[in-house]
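Residues per chain are reported as follows:
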2 protein chains.
Amino acid sequence: MFLLLITCLIDVCDIPYMFYISEYYQAFAAFVCCNMTLAAAAAALCAYIAPAAAGSGIPEVKAYLNGVDAHSILAPSTLFVKIFGSIFGVAAGFILGKEGPMVHSGACIASLLGQVGSRKYHLTWKCLRFYKNDRDRRDLITCGAAAGVAAAFRAPVGGVLFALEEAASWWRSALLWRAFFTTAVVAVLLRGFIQLCKGGKCGLFGEGGLIMFDVNSAKVSYSSGDLLAVISLGVIGGIFGSLYNFLVDKVLQTYRIINKSGPSSKILLAVAISFLTSCCSYGLPWLSHCIPCPRHLEDKCPTIGRSGNYKNFQCPPNHYNGLASLFFNTNDNAIRNLLSSSSDGEFRLSTLIVFFVTVYCLGIVTYGIAVPSGLFIPVILAGSSYGRVVGTLLGSHSDLDGGFFALLGAASFLGGTMRMTVSLCVILLELTNNLLMLPLMMLVLLISKSVADCFNKGVYDQIIKMKGLPYMEAHAEPYMRNLVASDVVSWPLISFSRVEKVGNILHELKTTAHNGFPVIDEPPFSNSADLCGLVLRSHLLVLLKRKNFTKQRVLIGSDVTSRFRAHDFGKAGLGKGIKLEDLDIQEEEMEMYLDLHPITNTSPYTVVETMSLAKAAIFFRALGLRHLLVVPKTPGRPPIVGILTRHDFMPEHILELFPQLNPHE
Amino acid sequence: MFLLLITCLIDVCDIPYMFYISEYYQAFAAFVCCNMTLAAAAAALCAYIAPAAAGSGIPEVKAYLNGVDAHSILAPSTLFVKIFGSIFGVAAGFILGKEGPMVHSGACIASLLGQVGSRKYHLTWKCLRFYKNDRDRRDLITCGAAAGVAAAFRAPVGGVLFALEEAASWWRSALLWRAFFTTAVVAVLLRGFIQLCKGGKCGLFGEGGLIMFDVNSAKVSYSSGDLLAVISLGVIGGIFGSLYNFLVDKVLQTYRIINKSGPSSKILLAVAISFLTSCCSYGLPWLSHCIPCPRHLEDKCPTIGRSGNYKNFQCPPNHYNGLASLFFNTNDNAIRNLLSSSSDGEFRLSTLIVFFVTVYCLGIVTYGIAVPSGLFIPVILAGSSYGRVVGTLLGSHSDLDGGFFALLGAASFLGGTMRMTVSLCVILLELTNNLLMLPLMMLVLLISKSVADCFNKGVYDQIIKMKGLPYMEAHAEPYMRNLVASDVVSWPLISFSRVEKVGNILHELKTTAHNGFPVIDEPPFSNSADLCGLVLRSHLLVLLKRKNFTKQRVLIGSDVTSRFRAHDFGKAGLGKGIKLEDLDIQEEEMEMYLDLHPITNTSPYTVVETMSLAKAAIFFRALGLRHLLVVPKTPGRPPIVGILTRHDFMPEHILELFPQLNPHE
């Protein structure tokens with residue numbers, strides 16, 4: 001519900017395009033100032049409150065669902081900045097979308113719900129603390145991401161599929177229908193809100209009804225010649241898509257250096273891009289000729305002082321400016337114009353080419369500034385103008401109309417940048433409501449994805465890699481087949497004895513950042529040195545906090561378990577667990593002992609040291625582990641060889657250890 | 001493409017409903033004879049050639065994709081019978097669908113492609129033998145199943161989602177887009193065929209175009225009162241759905257006893273049900289009153305001598321018989337009638353109730369006879385008539401029309417019997433092309449699924465259980481938490497020494513049915529008895545067939561590997577590997593030795609004996625294992641405790657070993 005309010009807010013604020021004053025310079029100044037102020041506000045929020053809120057947020061959510069437990073990704077402050085930054089950003093007229101931020105906001109809200117409030121802001125709910133484990137929290141966040149897409153595109157099924165195909169790393173059938181339930185609720189509420197807001201009561205919210213870009217009326221009939229045209233469109237779209245990814249990556253690397261020099265340079269960069277965008281929006285329409293309004297639309301054309309197509313700009317009465325109709329409009333309206341089949345001939349070829357080139361470039365330079373910015377809308381804008389260009393070029397040679405080509409163009413760009421298939425197909429279907437296009441749309445998506453896959457990775461994967469998030473791929477890299485598990489374990493191995501001295505534990509916790517430690521059963525508690533199990537840092541901290549120490553080196557066992565309840569060891573909210581600094585261990589307690597057995601996982605997952613690293617990686621990933629113990633192949637040696645964690649499987653780590661390996665083999 | 005030809009064939013044959021002779025008894029005799037002959041033909045094919053082809057086939061495909069490697073499920077003979085049996089069965093006028101058989105046919109075709117032809121029928125293709133492993137074969141069959149749904153419902157996206165949600169047990173993102181590609185090809189070809197067949201050139205094939213039951217024109221507007229009606233419809237639909245499952249289960253158990261007594265009783269049963277169906281179809285319309293044709297449809301009503309609605313049956317001219325329009329029609333046309341919003345008032349309440357009760361009961365008694373029979377169509381028929389009854393009862397109290405209620409009724413029944421959500425939603429969307437219904441459809445599906453889940457399992461799961469297929473659930477049963485891995489391993493454990501006597505190997509292969517054997521490294525080849533690894537029956541047979549024996553107990557190691565290539569050990573086609581009878585071992589060779597090390601998997605997956613059985617089950621299932629070795633916790637004992645296979649995790653096995661456990665705890 002909250003997500004819907006956000007869409008509503010974003011749509012309501014999306015109206016700084018009403019300047020049709022005859023004094024063009026004054027208008028330009030007002031336009032630029034307004035945009036730059038909004039841009040500065042968005043960037044300031046990001047720079048000072050939550051730097052993690054910049055960008056799309058989908059890569060971060062994807063990494064989180066893969067098991068990367070970074071604190072700031074889903075923090076309440078990130079949510080706050082994401083919502084308001086996105087509103088300001090969209091209102092500032094940037095070429096950016098609200099879809100990625102909506103997914104991120106959905107995930108943040110789900111995360112807050114999963115932690116049942118926020119302890120920092122005194123919003124907690126005790127009876128729901130059973131949610132404190134990784135899996136259920138991840139499930140909830142997957143549902144939140146699905147709800148984000150569902151609310152952003154009004155595409156409930158597309159939302160579920162997006163969460164499944166792009167966001168989630170593990171999937172269970174129970175999760176499928178829970179996500180479906182979430183988006184069903186979003187759909188029903190969304191419909192209710194749109195009903196309530198009928199007749200423009202809530203600004204632009206609800207425009208287009210439940211289907212944002214309805215092109216259902218378009219007739220679809222095509223010959224085999226059209227099929228060929230569509231295939232070429234897919235191939236070229238795929239190339240443009242992968243080029244987009246390549247350029248976004250380069251721009252991001254450049255911006256990273258600028259952004260590193262402090263919050264003020266972040267704001268300056270955002271303001272500069274805002275100025276550039278404003279100049280393009282305001283300056284380029286001057287290049288376009290005035291076109292007389294179509295006869296049958298005289299009451300709708302030109303549009304003055306209200307939202308709609310056929311912008312008058314500097315033209316005489318009853319004329320409109322094609323470029324202004326695209327630039328001087330909300331992104332949603334521009335897309336609607338491009339996809340509409342009734343607007344055939346509304347835009348000249350030169351108009352479309354100028355718009356395509358500008359939007360393509362602006363989209364690339366806009367992503368990466370310190371403002372919440374989605375990638376869907378820029379890519380759809382560029383793609384649909386590209387498709388429309390192709391459609392206009394083919395003209396009467398093809399049975400398909402320009403709007404349909406625009407849709408296919410958008411599909412090809414989306415396929416080329418994001419590399420999704422089923423979910424994009426369903427999202428586009430739900431956006432446009434024309435089922436008869438389905439075969440061609442599937443074809444274009446597959447072709448552009450396959451073509452683009454030859455050049456580079458999907459844009460979200462690229463960003464994850466650039467941000468250095470340790471994302472575990474579902475497959476093992478080929479060179480891993482030539483290594484065994486013991487080749488990559490990190491040194492030195494730190495392990496605890498079953499009954500360990502408090503001082504030792506504290507020392508290891510302080511000097512290392514490890515989150516899991518093997519526990520070894522040693523004489524006199526067993527006949528030989530055996531592997532007892534694995535103990536987690538967070539559990540150790542709980543035990544240390546309660547100070548259940550003994551003076552002698554003895555087992556206390558079940559005595560301890562009776563003093564704790566299961567949820568004492570539940571996973572705390574992000575960044576909220578007991579910290580090392582919270583402990584207050586006295587000097588004399590340092591010499592005392594702690595029996596680790598009650599909190600040891602006595603049957604951790606293990607692999608033998610000679611197992612192929614590729615097999616171990618699949619194992620690690622399929623079961624969603626955080627620690628995998630490596631045990632020796634033959635007895636008579638220490639009972640554990642090492643621990644494998646996510647970082648040990650990262651290509652960078654492995655290739656650093658074995659520089660002679662060829663990563664592309 | 002082949003699948004499309006099948007749909008085409010089924011549609012062409014689906015025309016035995018053209019008897020409008022005035023001599024009703026003669027007509028009845030002709031109708032019954034025709035139907036019974038076709039039914040007997042279908043049952044004879046099933047009974048004599050491929051008993052595995054009876055029924056829907058989806059449970060079998062689901063079990064296969066879960067790892068149940070039964071030979072007959074995907075054999076070429078099954079495919080043959082499935083295709084022709086399904087054609088005869090649908091033509092015989094049974095209340096059954098072609099969708100399940102299409103999925104099964106798709107899977108069979110994929111399996112044949114995966115084995116690259118059939119060695120039995122001398123259709124092999126050597127260069128593609130790299131496909132000989134479980135995973136790739138499973139992926140191909142998943143794509144085949146998706147293609148089946150795509151062809152049957154003309155729903156390409158629905159097909160992918162069906163394969164994902166219902167059929168497949170493991171899913172990878174690569175598989176997702178491969179399945180998408182498969183169904184995209186199906187969609188493009190399907191559209192081509194429909195274009196070719198325009199104007200009824202191919203009988204009933206292609207009727208309705210790419211969207212089978214287009215109700216796009218229906219207006220969708222509803223109040224909160226309607227929402228309440230829809231929710232109750234979902235609840236009752238869920239109850240009816242689970243009752244359907246319950247009754248199908250009971251009927252199947254009864255039929256099983258009848259079918260066991262031989263092929264002739266199978267045929268007799270099918271003929272008897274055919275007679276019952278014919279009697280209902282022909283007899284019940286006599287109960288219905290004649291209704292005058294609507295004024296504006298005088299050229300279309302009544303239908304005489306051609307396919308269509310408004311059957312005249314025994315009525316005077318310009319009148320039609322409501323029940324005959326439903327019973328004396330193809331199942332597809334009956335569904336189209338029920339879903340159509342333009343046919344409001346065409347059917348009286350009594351007509352709909354009689355039709356609903358009859359179809360509900362006939363659907364239940366028809367499933368289980370020895371004829372390929374899908375469940376989708378009977379459930380959609382019953383559900384849409386139920387929904388139409390509700391719509392007619394509500395009448396003007398609701399803003400929604402009867403056709404829309406029929407669609408929601410169908411959704412509620414499907415949700416109640418099959419328990420899918422996303423895939424059903426998309427399939428129904430692609431069948432009917434009305435995106436505005438989406439929120440309500442999602443709601444109904446979720447409600448009916450949740451209600452029905454309170455009573456029993458989904459119909460496919462029930463059938464899998466009844467057939468005794470060892471299906472591994474993705475979750476562990478609660479009582480497994482109280483057991484450890486070593487509790488359920490089967491006795492006695494049979495293991496081989498690293499260099500083993502040929503006679504011993506042969507003896508164990510003959511006396512047990514195990515497919516995997518642990519190999520133990522023993523002195524003099526190692527210092528102590530260690531676990532060397534796991535060897536597979538199929539690999540042992542390859543080694544035995546080549547007779548690489550040595551007279552002495554020595555290691556030969558790499559000498560052997562050079563004489564084999566990897567694909568010698570590739571998984572053979574279903575039921576085609578080397579069999580024990582193919583070996584020809586002489587008496588003197590029995591005393592010779594075989595070095596098992598070259599074919600041993602030296603890093604098999606292991607768990608310690610004290611691991612919770614629930615954890616081991618999740619491990620087993622997540623990695624898709626066939627064998628899981630259980631190793632002792634402490635050293636100094638034999639290096640292996642036992643092997644866990646799929647059967648050891650089955651509830652029946654565990655509850656037999658530990659009768660005191662409560663399975664519903």
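Residues numbered from 1 in each chain as written. Chains lettered and ligands numbered in written order. Predicted model: local features only at pLDDT ≥ 70, side-chain atom pairs only at ≥ 80, totals over all residues. Heavy atoms only, no water.

## Section: the state of the cysteines
Then step 1. As enumerated under the stated definition, the model contains two disulfides over all chains in all.
Then step 2. Each sulfur of the disulfide joining Cys290(B) and Cys315(B) lies 2.1 Å from the other. Disulfide Cys290(B)-Cys315(B): torsion about the S-S bond near -90 degrees, hence left-handed. Residue Cys290(B) is located in strand E3 (residues 290-292), and its partner Cys315(B) is located in the loop between E3 and strand E4 (319-321); the two are separated by 25 residues in the primary sequence.
Then step 3. The cysteine Cys34(A) is free of any disulfide, with Cys33(A) supplying the nearest cysteine sulfur at 8.4 Å.
Then step 4. Relative accessible area serves as the criterion here: at 29%, Cys34(A) is assigned to the partly exposed category.
Then step 5. Lacking any disulfide linkage, Cys143(B) is separated from the closest cysteine sulfur, that of Cys108(B), by 15 Å.
Then step 6. A residue is classified by how much of its surface remains accessible, and Cys143(B), at 8% relative accessible area, is buried. (Disulfide = S-S within 2.5 Å. Helix = DSSP H or I, 4+ residues; strand = E, 2+ residues; numbered from the N terminus. Buried < 20%, exposed > 50% of the residue type's maximum accessible area, 1.4 Å probe, protein only.)

## A closer look at the domain arrangement of chain A
Then step 1. Here chain A is described as being made up of domain 1 (1-206 + 222-467) and domain 2 (478-661).
Then step 2. Here domain 1 of chain A and domain 2 of chain A have C-alpha centroids that lie 44 Å from each other. (Domains from an automatic or database assignment.)

## Quick word on the interface of chain A and chain B
Then step 1. Every contact between the two is made by 59 residues of chain A and, on the other side, 59 residues of chain B.
Then step 2. Summed over both sides, the interface of chain A with chain B buries roughly 5000 Å², with 73% coming from carbon and sulfur.
Then step 3. Three residues stand out in chain A for area buried against chain B, namely Phe180(A), Leu435(A) and Met442(A), and they jointly supply 12% of the buried area on that side.
Then step 4. At the surface where chain A touches chain B, the tally comes to zero salt bridges.
Then step 5. Our count for the contact surface shared by chain A and chain B stands at seven residue pairs in polar contact (both at pLDDT 80 or more).
Then step 6. Secondary structure elements with two or more residues in the side of chain A that touches chain B: helix H7 (156-167), helix H8 (173-196), helix H16 (422-432), helix H17 (438-453), strand E8 (530-536), strand E10 (606-608) and helix H22 (613-622) of chain A.
Then step 7. Across the side of chain A that touches chain B, the residue classes tally to 38 nonpolar, 14 polar and seven charged. (Contact = heavy atoms within 4.5 Å. Buried area = accessible area lost by both parts, 1.4 Å probe. Salt bridge = Lys/Arg side-chain N within 4 Å of Asp/Glu carboxyl O. Polar contact = N/O pair within 3.5 Å; in protein donor to acceptor, adjacent residues only side chain to side chain. Nonpolar A, V, L, I, M, F, W, Y, C, P; charged D, E, K, R; others polar.)

## Here we look at the nonpolar core
Inside soluble globular proteins, nonpolar side chains tend to come together where they are buried.
Then step 1. One finds Phe376(A), Leu381(A), Val157(B), Phe376(B) and Leu381(B) to be the most contacted residues of the largest nonpolar core, which totals 251 residues.
Then step 2. Non-local contacts of Phe376(A), meaning those with residues more than four positions away in its chain, are made with Ile58(A), Glu99(A), Phe153(A), Phe162(A), Leu414(A), Met418(A), Met420(A), Leu424(A) and Tyr460(A). (Core = buried A, V, L, I, M, F, W, Y, C linked by side-chain atoms within 4.5 Å.)

## Brief notes about the side chain of Asn259(A)
Then step 1. Assignment of secondary structure puts Asn259(A) in helix H9 (residues 224-260).
Then step 2. Once residues lying within four places of it in the same chain are set aside, the contact partners of Asn259(A) are Ser265(A), Lys266(A), Leu269(A) and Gly368(A).

## Section: unusual backbone geometry
Residues and elements named next belong to chain B.
Then step 1. The residue arginine 154 is not glycine, and still its phi comes out positive at about 50 degrees.
Then step 2. Structurally, the position occupied by arginine 154 is in the loop between helix H6 (134-153) and helix H7 (156-167).
Then step 3. Accessibility expressed as a relative area gives 7% for arginine 154, which makes it buried.
Then step 4. The residue asparagine 433 is not glycine, and still its phi comes out positive at about 60 degrees.
Then step 5. Considering the arrangement of structural elements, one finds asparagine 433 in the loop between helix H16 (422-432) and helix H17 (438-453).

## Comments concerning the UniProt feature "domain: CBS" (unreviewed entry) in chain A
Then step 1. When the UniProt feature table is mapped to this numbering, "domain: CBS" (unreviewed entry) covers residues 599-660 of chain A.
Then step 2. Helix makes up 27% of residues 599-660 of chain A and strand 16%, with an end-to-end C-alpha separation of 42 Å. (UniProt positions renumbered as here; feature names shortened; annotations may be inferred.)

## Description of the packing of aromatic side chains
Then step 1. All chains considered together, the criterion is met by 45 aromatic pairs over all chains.
Then step 2. Relative to Tyr360(B), the ring of Phe240(B) has its centre 5.7 Å away and its plane inclined at 75 degrees; by these criteria the two rings are edge-to-face. Separated by 120 residues along the polypeptide, Phe240(B) in helix H9 (residues 224-260) and Tyr360(B) in helix H13 (residues 349-366) bring together distant segments of the chain.
Then step 3. Look at Phe240(B) and you get partly exposed, because its relative accessible area is 24%.
Then step 4. Here the aromatic rings of Phe240(B) and Tyr386(B) are separated by 5.6 Å at their centres, their planes lie at 65 degrees, and the arrangement is edge-to-face. Separated by 146 residues along the polypeptide, Phe240(B) in helix H9 and Tyr386(B) in helix H14 (residues 376-394) bring together distant segments of the chain.
Then step 5. Given a relative accessible area of 6%, Tyr386(B) falls into the buried group.
Then step 6. Among the aromatic residues, ring-to-ring pairing joins Phe240(A), Tyr244(A), Phe356(A), Tyr360(A), Tyr386(A) and Phe413(A) into one connected group.
Then step 7. Of note, Lys615(B) hangs over the ring of Tyr605(A), and the distance from its end group to the ring centre comes to 5.0 Å. (Phe/Tyr/Trp six-rings, centres within 6.5 Å; stacked < 30°, edge-to-face > 60°. Lys NZ or Arg CZ within 6 Å of the ring centre and 35° of its normal.)

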